[in-house]
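Notes for the structure review
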Amino acid sequence: MKYAIIRFPGSNCDWDLFYVLRDVMAVTPEFVDYRETTLPDETAAVLVPGGFSYGDYLRSGAIARFSPIMAAVKAFADAGHPVIGICNGFQILTEAGLLPGALRKNSSLDFICKPQPLTVTNATTLFTHEFDAGETVMFPIAHGEGNYYCDDATLAQLKQNHQIAFTYQNNPNGSTADIAGVTNERGNVLGMMPHPERASEAILGGDDGQRLFASLIASVTAAAQ
Amino acid sequence: MYRVKVYVTYKESILDPQGEAVKTALHRLDYQTVEKVTVGKYFELNIADRGQNIDEEVDQMCDQLLANVNMESYRYEIESTTTEG
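Treat the numbers as computed from the prediction; the structure is a model and nothing was measured.

Thresholds applied
Residues numbered from 1 in each chain as written. Chains lettered and ligands numbered in written order. Predicted model: local features only at pLDDT ≥ 70, side-chain atom pairs only at ≥ 80, totals over all residues. Heavy atoms only, no water. Helix = DSSP H or I, 4+ residues; strand = E, 2+ residues; numbered from the N terminus. Rg over C-alpha atoms; globule rule 2.2 N^0.38 Å. Buried < 20%, exposed > 50% of the residue type's maximum accessible area, 1.4 Å probe, protein only. Contact = heavy atoms within 4.5 Å. Areas by Shrake-Rupley, 256 points an atom, 1.4 Å probe, with all protein chains shown as cover. Lys, Arg positive; Asp, Glu negative; His and termini not counted. Charge placed at Lys NZ, Arg CZ, Asp CG, Glu CD. Core = buried A, V, L, I, M, F, W, Y, C linked by side-chain atoms within 4.5 Å. Pairing = 2+ DSSP bridges. Axes fitted to C-alpha atoms, helices over the stretch in contact; angles between N-to-C directions. Phe/Tyr/Trp six-rings, centres within 6.5 Å; stacked < 30°, edge-to-face > 60°. Lys NZ or Arg CZ within 6 Å of the ring centre and 35° of its normal. UniProt positions renumbered as here; feature names shortened; annotations may be inferred. Salt bridge = Lys/Arg side-chain N within 4 Å of Asp/Glu carboxyl O. 1 Å grid on protein atoms, 1.4 Å probe; cavity = no way out; pocket = protein on both sides within 12 Å on 5 of 7 lines; lining within 4 Å. Points joined across faces, edges and corners; volume = space filled by probe spheres on them. Nonpolar A, V, L, I, M, F, W, Y, C, P; charged D, E, K, R; others polar.

Comments concerning the overall build of chain A
On a plain count of helices and strands, chain A comes out with five helices and 11 strands. Relative to the compact-globule value of 17 Å for 225 residues, chain A shows a C-alpha radius of gyration of 16 Å, a close match. The C-alpha extent of chain A, read off along each of the three principal axes, is 40 × 40 × 35 Å. Buried residues in chain A amount to 57% of all 225 residues. When contacts within chain A are restricted to residue pairs at least 6 apart in sequence, those whose partners lie at least 24 apart make up 73%. When the accessible surface of chain A is split by element, carbon and sulfur atoms take 50% of a total near 8800 Å². Each charge class in chain A can be summarised by its mean position, and for the 14 positive and 24 negative side chains these summaries are 5 Å apart.

Set out below in structure tokens:
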């Protein structure tokens, strides 16, 4: 089983994810270039890393969505397999229509880089079942455009379907309903602005992020059996 | 040839933090008459005339790429610049 990490021009959290998966979680990550049109054989999950793909031209994530690999990512998600987008990865997945809503500039207009206490709003997803519902976890954010927006009808659906996975306790960026991470309706695609891969070892200030990856790994391992 | 101008802004219902910041700065310059500022994006496109439905084509371009219709609205002006000969 492989964990495919998509690399776009301008991705910069690709190695962080690779390192956590290989060295901390002891699974097999593989980089996939954005010019590829297929995912590696035995891909169990796709991870779209943070960064500034295509220089954030037009809108963050707007151009990456048209990369050759994205058709394969969309087909993978449509087949029900797990896909997670972190930070710029979240922006790309919303632009690609794999997740509802959009990310605006932070309400303060500042780039914010600091740890954030989050509430695990849904601890039953493929990506969060190792957490306790309502638990507080600490993940850093590092973004200028993480201000989640969706209209009222979409927000009502997100709540009704339990698609809100994480919320900010001290909303740093103006996000609608304090939303830090959402899933698609089916629950197999997660996007989040905070960085679990930067919070997966105690020496880096906290290891709450490990349980997100442990949840994902347990989910794909169970699905393979 | 068509020359097309596209204007993209946040939807009316969405707070435009850049517009608010610019408005505040204009007030600091003592332009107290400024009541609202909207910051958006402006595109100019030159498009070959192949007999297509240009209005529909531009609308699709805006819808698919130039604007994120979840949060932005767009409008455009199409000018035909067909030269003689």
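Anyway, onward from the coordinates.
Re the nonpolar core
Counting 67 residues, the largest nonpolar core has A:Tyr3, A:Ile6, A:Phe8, A:Val46, A:Leu47, A:Ile69 and A:Phe166 as the members making the most contacts within it. Excluding residues within four positions of it along the chain, A:Ile6 makes contact with A:Ser11, A:Val32, A:Leu39, A:Val46, A:Leu47, A:Val48, A:Pro49, A:Ile69 and A:Val73. Of all hydrophobic cores here, the second largest spans 12 residues; its members include B:Val8, B:Phe43, B:Ile54 and B:Cys62.

Some points on the sheet that holds strand 11 (residues 189-192) of chain A
Residue and element names in this part refer to chain A. Strand order in the open sheet made by the nine strands is 2-1-3-4-11-10-9-6-7, with mixed pairing throughout. The open sheet is flanked by strand 2 (29-33) and strand 7 (136-143), the only strands paired with a single partner. The mean angle between the axes of side-by-side strands here comes to 25°, regardless of whether they run parallel or antiparallel. Each of strand 3 (43-48), strand 4 (83-86), strand 10 (179-183) and strand 11 is contacted by helix 3 (residues 88-95), which is oriented at about 120° to strand 4, the strand it contacts most.

Here we look at the packing of aromatic side chains
Both the distance between ring centres and the angle between the ring planes are used here to describe each pair of aromatic rings. This model, assessed by the stated rule, comprises nine aromatic pairs over all chains. Relative to A:Phe31, the ring of A:Phe18 lies with its centre 4.6 Å away and its plane at 25°, an arrangement referred to as stacked. Linking A:Phe18 in helix 1 (residues 14-24) with A:Phe31 in strand 2, this pair joins segments that are 13 residues apart in sequence. With a relative accessible area of 12%, A:Phe18 lands in the buried category. The structure contains a cluster of three or more aromatic residues connected by ring pairs, namely A:Trp15, A:Phe18 and A:Phe31. Its guanidinium or amino end placed over the ring of A:Phe31, A:Arg7 lies 3.7 Å from that ring's centre, counting from NZ or CZ. A cation over an aromatic ring shows up here: B:Arg75 above the ring of B:Tyr7, its NZ or CZ 4.2 Å from the ring centre.

Here's the deal with helix 3 of chain A
Residues and elements named next belong to chain A. Of all the eight residues making up helix 3, eight are buried; the element is thus mostly covered by neighbouring parts of the structure. Within helix 3 the residues assigned to the buried category are Asn-88, Gly-89, Phe-90, Gln-91, Ile-92, Leu-93, Thr-94 and Glu-95. Phi for Gly-97, located one or two positions after helix 3, is positive at around 80°.

Concerning the environment of A:Ala224
The topology assignment puts A:Ala224 in helix 5 (residues 210-224). Once the C-alpha coordinates of A:Ala224 and A:Thr119 are considered, the two residues, 105 residues apart in sequence, prove to be 30 Å apart.

Section: the UniProt feature "active site" (unreviewed entry) in chain A
Residues and elements named next belong to chain A. Following the UniProt record, the feature "active site" (unreviewed entry) maps to Cys-87, His-195 and Glu-197 here. The largest pairwise C-alpha distance within this set of annotated residues, which runs over 111 residues, is 11.0 Å, so the set is compact in three dimensions. Structurally, the position occupied by Cys-87 is in the loop between strand 4 and helix 3. Accessibility expressed as a relative area gives 6% for Cys-87, which makes it buried. Setting aside its immediate chain neighbours within four residues, Cys-87 contacts Gly-50, Ala-142, His-143, Met-192, Met-193 and His-195. With respect to the secondary-structure elements, His-195 resides in the loop between strand 11 and helix 5. Of the residues examined, His-195 reaches a relative accessible area of 0% and is grouped as buried. Aside from chain neighbours lying at most four places away, what touches His-195 is Cys-13, Ile-86, Cys-87, Phe-139, Pro-140, Ile-141 and Ala-142.

Quick word on the pattern of salt bridges
Pairing between side chains becomes possible if they bear opposite charge and their charged atoms approach one another. Throughout the structure, instances matching the rule amount to 14 salt bridges over all chains. With a closest N to O distance of 2.9 Å, B:Glu12 and B:Lys36 form a salt bridge. Of this pair, B:Glu12 sits in the loop between strand 1 (2-10) and helix 1 (17-28) while B:Lys36 sits in the loop between helix 1 and strand 2 (40-47), placing them 24 residues apart in sequence. In terms of burial, B:Glu12 and B:Lys36 fall into one category: exposed. Several salt bridges converge on common partners, so that one network encompasses A:Arg59, A:Glu95, B:Lys41 and B:Glu72.

Re the layout of surface pockets
Empty space within the largest pocket amounts to approximately 260 Å³. Taken together, 17 residues form the lining of the largest pocket, with A:Lys105, B:Tyr10, B:Gln18, B:Lys41 and B:Glu72 sitting closest to its centre. Counting only elements with at least two residues in the lining of the largest pocket, the list comes to strand 5 (102-104) of chain A together with strand 1 and strand 2 of chain B. When the residues that make up the lining of the largest pocket are grouped by side-chain class, the tally is six nonpolar, three polar and eight charged.

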